[in-house]
Amino acid sequence: MTVPPVAAPRPARPAHPQRRLLLLGLRTLVWVVYAYVVVTEVVLTLGFVLLLFGANPDASFVAWVYRSLDRAMEPFRGMFTPIHLNVSANDDVRAVLDTSVLFAMIVYAFAAWAVHAVIEWLTGLIRTSEQGRQYGAEPSPWQPATGMGPGAASSAPSSAPSTAHTTASPPGPAPGPTYPPPSAPPSAPPVRG
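Residues numbered from 1 in each chain as written. Predicted model: local features only at pLDDT ≥ 70, side-chain atom pairs only at ≥ 80, totals over all residues. Heavy atoms only, no water.

Concerning the overall build of the chain
Applied cut-off: In this text, helices come from DSSP runs of H or I with a minimum length of four residues, and strands from runs of E with a minimum of two, each type numbered from the N-terminal end. For the exposure calls, accessible area comes from a 1.4 Å probe over protein chains only, and a residue counts as buried if that area is under 20% of its type's maximum, exposed if over 50%, partly exposed in between. Only heavy atoms matter for contacts: two residues are in contact if any of them lie within 4.5 Å across the pair. Only the protein chains shown count as cover for residues, and all accessible areas are computed by the Shrake-Rupley method using a 1.4 Å probe.
Scanning the chain from N- to C-terminus turns up three helices and two strands. Mapped in sequence order, the helices and strands of the chain form the string α-α-β-β-α. A burial count over the chain gives 22% of its 193 residues as buried. Across the chain, the fraction of contacts at a sequence separation of at least 24, relative to all contacts at a separation of at least 6, is 67%. Accessible surface computed for the chain: about 14300 Å², of which carbon and sulfur atoms make up 66%.

Written as structure tokens, this is what we have:
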């Protein structure tokens, strides 16, 4: 009785530093876009609140927020008519409900959500490539770890179990509990008389 040879450990998969570098660069670029969108959302919120409460545009902070609001509102300007809430005695409009700003806030919030999803996706790709580099490539169940074709390990039949297709799993938490398939519902308890 011959025992098939035990496979030598496979060498680690060659790392792809160019791919990892590209993914890190893309993630950095997306983070910059995300930061811009979040800062724009904050400026829109500040501008909406200051317009709603009729803040004095002569104050330096309010003037800065209104200038920044004008830049962020460029694609949305004039979509909806602003609602004047408070008119002073000299016909000076103080409080304004600008629904265009509300619409812009919603659009920028969706953009921030989409950019955040892209960041999570890129981070997952980077983690996957790092794990592949750290643990090496596991042999595929369709390709023997010995590098020989199926059945080429030994020509004589063997009753001993083969270890040629054994793969090592990376360290980590054990898989969760397994549950048996559902069976028939339990029968009713016997009636005592």
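Quick look at the side chain of Glu-41
Tracing the sequence through the fold places Glu-41 in helix 1 (residues 17-52). Beyond its immediate chain neighbours, meaning those up to four positions away, Glu-41 contacts Met-105, Tyr-108 and Ala-109.

Focus on the nonpolar core
The nonpolar side chains of a soluble globular protein tend to be buried with one another. Selection rule: Here, the term nonpolar core denotes a set of buried Ala, Val, Leu, Ile, Met, Phe, Trp, Tyr and Cys residues that are joined through side-chain atoms within 4.5 Å.
Counting residues in each nonpolar core, the largest one holds 24 residues, and the members touching the most others are Leu-44, Leu-69, Met-73, Val-101, Ala-104 and Tyr-108. Looking at this core, the elements with two or more residues in it are helix 1, helix 2 (60-72) and helix 3 (99-135). At nine residues, helix 3 tops the list of elements feeding residues into this core. If near-sequence neighbours (up to four positions away) are discounted, Leu-69 is found in contact with Val-43, Leu-44, Gly-47, Leu-51, Arg-77 and Val-101.

Observations concerning the packing of helix 1 against helix 2
How we decide: Axis lines are fitted through C-alpha atoms, for helices just across the contact stretch, and the angle between N-to-C directions can take any value from 0 to 180 degrees. Working rule for angles: under 35 degrees goes down as roughly parallel, over 145 as roughly antiparallel, 65 to 115 as roughly perpendicular, anything else as oblique. In this scheme, a crossing is called left-handed if the near helix is turned counterclockwise away from the far one by less than a right angle; it is called right-handed if the turn is clockwise. Residue polarity is assigned by list, with Asp, Glu, Lys and Arg as charged and Ala, Val, Leu, Ile, Met, Phe, Trp, Tyr, Cys and Pro as nonpolar; anything else, Gly included, falls into the polar class.
Two numbers describe how helix 1 lies on helix 2: the axes approach to 9 Å, and their chain directions differ by 120°. Classed by the angle they form, the pair helix 1 and helix 2 counts as oblique. When the axes of helix 1 and helix 2 are compared, the crossing they make is left-handed. Here Thr-40, Val-43, Leu-44, Leu-46, Gly-47, Leu-50 and Leu-51 of helix 1 come into contact with helix 2, specifically with Phe-61, Val-62, Val-65, Tyr-66, Ser-68, Leu-69 and Ala-72. Tallied by class, the residues present in the contact of helix 1 with helix 2 amount to eleven nonpolar, three polar and no charged.

Section: the side chain of Ser-100
Using the following cut-off: What qualifies as a polar contact is a pair of N or O atoms within 3.5 Å, subject to a donor-acceptor requirement within protein and to the restriction that residues adjacent in sequence count only when both atoms come from side chains.
Structurally, Ser-100 can be placed in helix 3. Judged by relative accessible area, Ser-100 falls into the buried class, the value being 1%. A distance of 3.1 Å separates a polar side-chain atom of Ser-100 from the backbone nitrogen of Phe-80. If we ignore the near neighbours within four places in the chain, the residues touching Ser-100 are Met-73, Phe-76, Gly-78, Met-79 and Phe-80.

In short, geometric facts, not functional conclusions.
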